[in-house]
Amino acid sequence: YPEKFAAFAHTAGGVCDLPGATTPDKELAGKITKPYLIHHGDDDKVVNIAIDRELSAILTSSSVPNQLYEYKDYSHWQISKDSLMFVRTRAWFEKYNQ
């Protein structure tokens, strides 16, 4: 229900065309039209940061406002509890929740 949301955000996700992936494939990602905020730790051993970089590139090529924050030396688990991530996410939703 994308029409019910003003903006989106996630930590450690991305885009992947592999069967059974829990992230959107490239085709679906290309249909995103709302502003999208992405957070990812560069030391994430669970979800490769490259798939979030790819999602950001897809959004940029579709002229969708997006921001990818990469957190130095953060693991998959650290990013989900980071106070700066929460501050940035709140500001993102405040900016786009019009």
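All of these numbers come straight from a predicted model, not from anything done at the bench. (Residues numbered from 1 in each chain as written. Predicted model: local features only at pLDDT ≥ 70, side-chain atom pairs only at ≥ 80, totals over all residues. Heavy atoms only, no water.)

## So, the pairing of strand β3 (residues 66–71)
Sheet faces and side chains relate simply in a regular strand, where the side chains alternate between the two faces. Our working definition: Any two strands are treated as partners once DSSP identifies two or more bridges connecting them. A helix here means a DSSP run of H or I that spans at least four residues, while a strand means a run of E at least two residues long, and both kinds are numbered starting from the N terminus. Assignment of crossover handedness uses the view with strands pointing away from the viewer, where a clockwise path from the first strand over the helix to the second indicates a right-handed crossover.
Two elements, strand β2 (residues 36–41) and β3, share six bridges in a ladder whose sense is parallel. Looking at β3, one finds that G41 is bridged to Y71. One crossover worth recording links β2 to the parallel β3 by way of helix α2 (residues 49–61), and it is right-handed.

## Let's talk about the layout of surface pockets
The cut-off we apply is this: A pocket, in this scheme, is an open set of points on a 1 Å grid over the protein atoms alone with protein on both sides within 12 Å along at least 5 of 7 lines, while a cavity is a set where a 1.4 Å probe fits but cannot get out; residues line either one if an atom lies within 4 Å of a point. Grid points are joined across faces, edges and corners, and a volume is the space filled by probe spheres set on the points. Note on residue categories: nonpolar means Ala, Val, Leu, Ile, Met, Phe, Trp, Tyr, Cys or Pro, charged means Asp, Glu, Lys or Arg, and polar means any other residue, Gly included.
In this structure, the largest pocket encloses a volume near 220 Å³. Around the largest pocket, the lining is made up of 13 residues, and of these F8, P24, L28, I32 and Y36 lie nearest the centre. When residues of the lining of the largest pocket are traced back to their parent elements, those giving at least two are β1 (8–11) and α1 (26–29). Within the lining of the largest pocket, the residues separate by chemical class into eight nonpolar, three polar and two charged.

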